[in-house]
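# Observations on the model geometry
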Amino acid sequence: MPHTILFVTNSADLHADLVAPLIGAKGHRLFRIDLDAFPRDYQCTQTFDNGRVRQRIRRLGDDSWLDLDEVGAVWLRKAAEFAYRSEDLAPQERAFAGLETEQALFGLLYNLDCYWISHPRALRAAQWKGEQLKRAMRLGFRVPASIVTNSAAEARQFLQGLEGRKIFKTLSSPTLAREKLEPEQRISGGLGTVLVEDAMLDDLAAVDELFCHFQEYVPKLVELRVTVIGERVFAAKIHSQLDARTMIDSRDMSAEIPYEATRLPPEVEVRCVDFVHSYGLEYGALDLILTPEGEYVFLENNPGGQFLYVEQLIPEFKMLEAMADQLIMGAACQR
């Protein structure tokens, strides 16, 4: 009997919605944990007795339990706030419930000896932008001249020493953490990559308050979104220079710029796969620049980045099917 494939995500995850029937159509069992309904709609137990561990989970309303020893692959997708049967928990009760739920859930999942896309340990290691740049350099990528600092004097000296244009970009989130706040608490919609004007160099006092990330601006022929699924590489050219809204930051989805399938030079393709796998990841979404001189420049890797929008723009990629096949193949290796 094929191993079960486990999704850990939330109920609004369209990627999981579309991959799930592909797995079912290939004859494989799927169990899905939607964290925004957990633990409210689930029961799970973890028993330690006489040197043996038994771990089971079921969705309320189902008669059968899933023995987690039957799980051959896990797709760890999207986080969400936990849900409880009582809707009127006091703030401290809810905070404590969240800590206990996290302990129970990841006490179950973390030790699963199976195929992961991707294990939380690897995801955690891969999220630090400064470390990514150092690793990319070690693997042979060119990276933009960059500084991360909370010293205005250091930032000014670095920026004044750069020729050409300079940019500022956030380290963590271009949304400025708005998703962590209630709507009435939000004061900004976000901040994408922006050019640093010369006048800004006279007033960098804010850098002394908070770490800031500055880089040289690298001229672009095109940008590239490189999605790695297992050993497979899907490289998309993003013609960001065709629209003023995306010349500096291609993430402005209001601009209908062309996306085009392409093949990377073999050495660059191998470098991308090696970068992702060096963390123990089985998935990565890398952002690169192709300069007018034909050089590939590393910007960053998102270890949990979205890929559906790329497939919608380039249907020939069939990344949803590739993800289903990768999970099935990974689960089969556990037999």
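In short, a report on the structure. Everything quoted here is computed from the prediction, not taken from an experiment.

About the cut-offs
Residues numbered from 1 in each chain as written. Predicted model: local features only at pLDDT ≥ 70, side-chain atom pairs only at ≥ 80, totals over all residues. Heavy atoms only, no water. Phe/Tyr/Trp six-rings, centres within 6.5 Å; stacked < 30°, edge-to-face > 60°. Helix = DSSP H or I, 4+ residues; strand = E, 2+ residues; numbered from the N terminus. Buried < 20%, exposed > 50% of the residue type's maximum accessible area, 1.4 Å probe, protein only. Lys NZ or Arg CZ within 6 Å of the ring centre and 35° of its normal. Axes fitted to C-alpha atoms, helices over the stretch in contact; angles between N-to-C directions. Parallel < 35°, antiparallel > 145°, perpendicular 65-115°, else oblique. Left-handed = near helix turned anticlockwise from the far one by under 90°. Contact = heavy atoms within 4.5 Å. Nonpolar A, V, L, I, M, F, W, Y, C, P; charged D, E, K, R; others polar. Pairing = 2+ DSSP bridges. Patch = residues over 30% accessible without salt bridge, like charges linked within 9 Å, V, L, I, M, F, W, Y side chains within 5 Å. Areas by Shrake-Rupley, 256 points an atom, 1.4 Å probe, with all protein chains shown as cover. Salt bridge = Lys/Arg side-chain N within 4 Å of Asp/Glu carboxyl O. Lys, Arg positive; Asp, Glu negative; His and termini not counted. Charge placed at Lys NZ, Arg CZ, Asp CG, Glu CD. Expected span 1.5 Å × (residues − 1). Arc of directions from axis to C-beta.

One pass over the structure, following the stated rule, counts eleven aromatic pairs. Residues Phe-141 and Phe-298 carry aromatic rings whose centres are separated by 5.5 Å and whose planes lie at 45 degrees to one another, so their mutual orientation is tilted. Remark: Phe-298 occurs in strand β16 (residues 296-302) and Phe-141 occurs in the loop between α4 (129-138) and β8 (146-149); sequence separation between them is 157 residues. Accessibility assignment for this pair places Phe-141 and Phe-298 in one class, buried. Counting every residue linked through ring pairs, the aromatic cluster contains Phe-31, Phe-38, Tyr-42 and Phe-82. Geometry around Trp-65 places Arg-56 over its ring, the cationic atom sitting 4.3 Å from the centre.

Another aspect to go through is the packing of helix α1 (residues 14-25) against helix α8 (residues 319-332). Where α1 meets α8, the closest approach of the two axes is 9 Å, and the angle between their N-to-C directions is 60 degrees. Classed by the angle they form, the pair α1 and α8 counts as oblique. For the pair α1 and α8, the sense of crossing is right-handed. Between α1 and α8, the contacting residues are His-15, Leu-18, Val-19, Leu-22 and Ile-23 on the first element and Leu-320, Glu-321, Met-323, Ala-324, Leu-327 and Ile-328 on the second. In the contact of α1 with α8, the residues fall into nine nonpolar, one polar and one charged.

Turning our attention to the sheet that holds strand β5 (residues 66-67). Taken together, the three strands give an open sheet; going across it, the order is β3-β4-β5, and neighbouring strands pair in antiparallel fashion. Taken across any chain shown, the strands that pair with only one partner, and hence form the sheet edges, are β3 (42-49) and β5. The sheet contact formed by β3 and strand β4 (residues 52-59) spans eight bridges and is antiparallel. Looking across to β4, one finds that Tyr-42 is bridged to Arg-59. Contacts between helix α2 (residues 91-109) and the sheet are confined to β3 and β4, with β3 contributing the most and set at about 65 degrees to the helix.

Together, Glu-197, Asp-198, Asp-202 and Asp-203 make up a region of like negative charge exposed at the surface. With respect to the element layout, Asp-202 can be found in the loop between β10 (194-195) and β11 (212-216). Residue classification places Asp-202 among the exposed residues on the basis of a relative accessible area of 69%.

On to the environment of Gly-305. Secondary-structure assignment places Gly-305 in the loop between β16 and α7 (308-313). Gly-305 gets classed as buried once you look at its relative accessible area, which sits at 2%. Counting along the chain gives 19 residues from Gly-305 to Leu-286, while the straight-line C-alpha distance between them is 8.6 Å. When near neighbours in sequence (up to four residues on either side) are disregarded, Gly-305 contacts Arg-77, Arg-225, Tyr-283 and Ala-285.

With that out of the way, let us pick up α2. Spanning 19 residues, α2 covers 27 Å between terminal C-alpha atoms, matching the ideal 27 Å at 1.5 Å per step. Buried within α2 are the following residues: Ala-97, Gly-98, Thr-101, Leu-105, Leu-108 and Leu-109. Projected down its long axis, α2 carries its buried residues within an arc of 105 degrees, all on one side. Across α2 from its buried face, at more than 90 degrees, point the exposed residues Gln-92, Phe-96, Leu-99 and Gln-103. For α2, the secondary structure elements touched by its buried residues are β1 (4-9), β2 (30-34), β3, β4 and β7 (115-117).

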